[in-house]
Amino acid sequence: MNIKQTSLARKQLERRLAPLRDLKLIAPPRGWMKAIREALGMSTRQLATRMGAAPSRIPAIEKAEVSGATTIKTLREAAAAMNCTFVYAFVPIKPLDDILRERAAEKAGQDMTRLDHTMRLENQALIKSDLEDERRRLIDAILADSPRRLWEDD
């Protein structure tokens, strides 16, 4: 994908994710699977039958959900057996463009530190306003380039 396509894809993804960022979903202490199963009045044996699993497997899956040791496939199967939809998403803490801008600012800051040090050694230190202008220019230049380069460690 070229840079323009990447930017458009990012904006489209951001529109989908923005409403999720505001949700404050807190998992029940004993897990979603157990909470929904019990709310439906379904026993572990009944859920096991609907999933095609051994009855002893259900408490193990419920514990694994809470500890984070289960698979997405298993959770999908359990959800389907309880007439639910399993939802899985990575929800950025802030807008994707903000994450990119912050990372670009970090990279620019690293470059500016090196540049400022070199210029001071050569007795050509820039004034603060010039440094800030150059920092903004660098951020814009970094953002205009491929986002992949943002995540390279120098």
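Conventions we followed
For every chain, the first residue of its written sequence is number 1, and the numbers climb from 1 along that sequence. Local features are withheld for residues below a pLDDT of 70 in this predicted model, meaning they are given only at 70 or higher, and side-chain atom pairs are given and counted only at 80 or more; totals for whole chains, interfaces and linings count all residues. Hydrogens and waters are ignored; side-chain quantities use all the structure's heavy atoms. The helix and strand labels rest on DSSP assignments: H or I over at least four residues marks a helix, E over at least two residues marks a strand, and numbering proceeds from the N terminus. Working rule for contacts: check all heavy atoms of both residues, and any pair within 4.5 Å makes them a contact. Here the accessible surface of atoms and residues is derived via Shrake-Rupley with a 1.4 Å probe, and residues count as covered only by protein chains that are part of the display. The charge count treats Lys and Arg as positive and Asp and Glu as negative. His and the chain ends do not count. The atom standing in for a charge is NZ when the residue is Lys, CZ when it is Arg, CG when it is Asp and CD when it is Glu. Cavity: a set of points on a 1 Å grid over the protein atoms alone where a 1.4 Å probe fits but cannot get out. Pocket: an open set with protein on both sides within 12 Å along at least five of seven lines, its lining residues, like those of a cavity, having an atom within 4 Å of a point. Grid points are joined across faces, edges and corners, and a volume is the space filled by probe spheres set on the points. For this classification, the nonpolar set comprises Ala, Val, Leu, Ile, Met, Phe, Trp, Tyr, Cys and Pro, the charged set comprises Asp, Glu, Lys and Arg, and every other residue, Gly included, is treated as polar. Buried means the residue's accessible area, taken with a 1.4 Å probe over protein chains only, is under 20% of the maximum for its type, while exposed means over 50%, and partly exposed covers the values in between. Throughout, the arc means the angular range of directions from the helix axis out to the C-beta atoms.

### Side note on the overall build of the protein
Here is step 1: A count of helical and extended segments in the protein gives seven helices and zero strands.
Here is step 2: The N-to-C order of helical and strand elements in the protein reads α-α-α-α-α-α-α.
Here is step 3: Counting only C-alpha atoms and orienting by the principal axes, one finds that the protein spans roughly 80 × 30 × 25 Å.
Here is step 4: Across the protein, the fraction of contacts at a sequence separation of at least 24, relative to all contacts at a separation of at least 6, is 65%.
Here is step 5: For the protein, the accessible area works out to roughly 11,100 Å², and carbon and sulfur atoms hold 56% of it.
Here is step 6: One finds the centroid of the 28 positive side-chain charges in the protein at a distance of 10 Å from the centroid of its 22 negative side-chain charges.

### A few points about the layout of surface pockets
Here is step 1: Taken as a whole, the largest pocket holds about 840 Å³ of empty space.
Here is step 2: Leu25, Trp32, Phe86, Val87 and Tyr88 are the residues nearest the centre of the largest pocket, which is lined by 23 residues in total.
Here is step 3: Sorting the residues of the lining of the largest pocket by element identifies helix 2 (32–39) and helix 5 (72–81) as the ones contributing at least two each.
Here is step 4: Here the lining of the largest pocket takes four residues from helix 5, the largest share from any one element.
Here is step 5: For the lining of the largest pocket, a count of residues per class yields 19 nonpolar, three polar and one charged.

### Some points on the environment of Ile142
Here is step 1: Along the chain, Ile142 falls in helix 7 (residues 128–144).
Here is step 2: Between the C-alpha atoms of Ile142 and Arg103, which are 39 residues apart in sequence, the distance is 9.5 Å.

### Thoughts on the environment of Lys73
Here is step 1: Looking at where Lys73 falls in the secondary structure, it is placed in helix 5.
Here is step 2: Separated by 18 residues in the primary sequence, Lys73 and Pro55 have C-alpha atoms spaced 18 Å apart.

### Examining the environment of Ile61
Here is step 1: Following the sequence through the fold, Ile61 ends up in helix 4 (residues 57–67).
Here is step 2: Exposure remark for Ile61: the relative accessible area of 2% places this residue in the buried category.
Here is step 3: Along the sequence, Ile61 and Met33 sit 28 residues apart, while their C-alpha atoms lie 8.6 Å from each other.
Here is step 4: Setting aside chain neighbours within four positions, we find Ile61 in contact with Met33, Met51, Thr70 and Thr74.

### Side note on the side chain of Glu14
Here is step 1: Along the polypeptide, Glu14 turns up in helix 1 (residues 3–21).
Here is step 2: Leaving out residues up to four positions away in the same chain, Glu14 has contacts with Arg21, Pro95 and Leu96.

### Remarks on helix 3 (residues 44–51)
Here is step 1: Of the positions making up helix 3, those classed as buried are Leu47, Ala48 and Met51. Taken end-on, helix 3 shows its buried residues confined to a sector of 100°, consistent with a single buried face. Opposite the buried face of helix 3, at more than 90 degrees from it, the exposed residues are Arg45 and Thr49.
Here is step 2: Buried-residue contacts for helix 3 involve helix 2, helix 4 and helix 5.
Here is step 3: Just downstream of helix 3, Gly52 is the residue with a positive phi angle, here 70°.

Taken by themselves, the reported measurements are silent on function.
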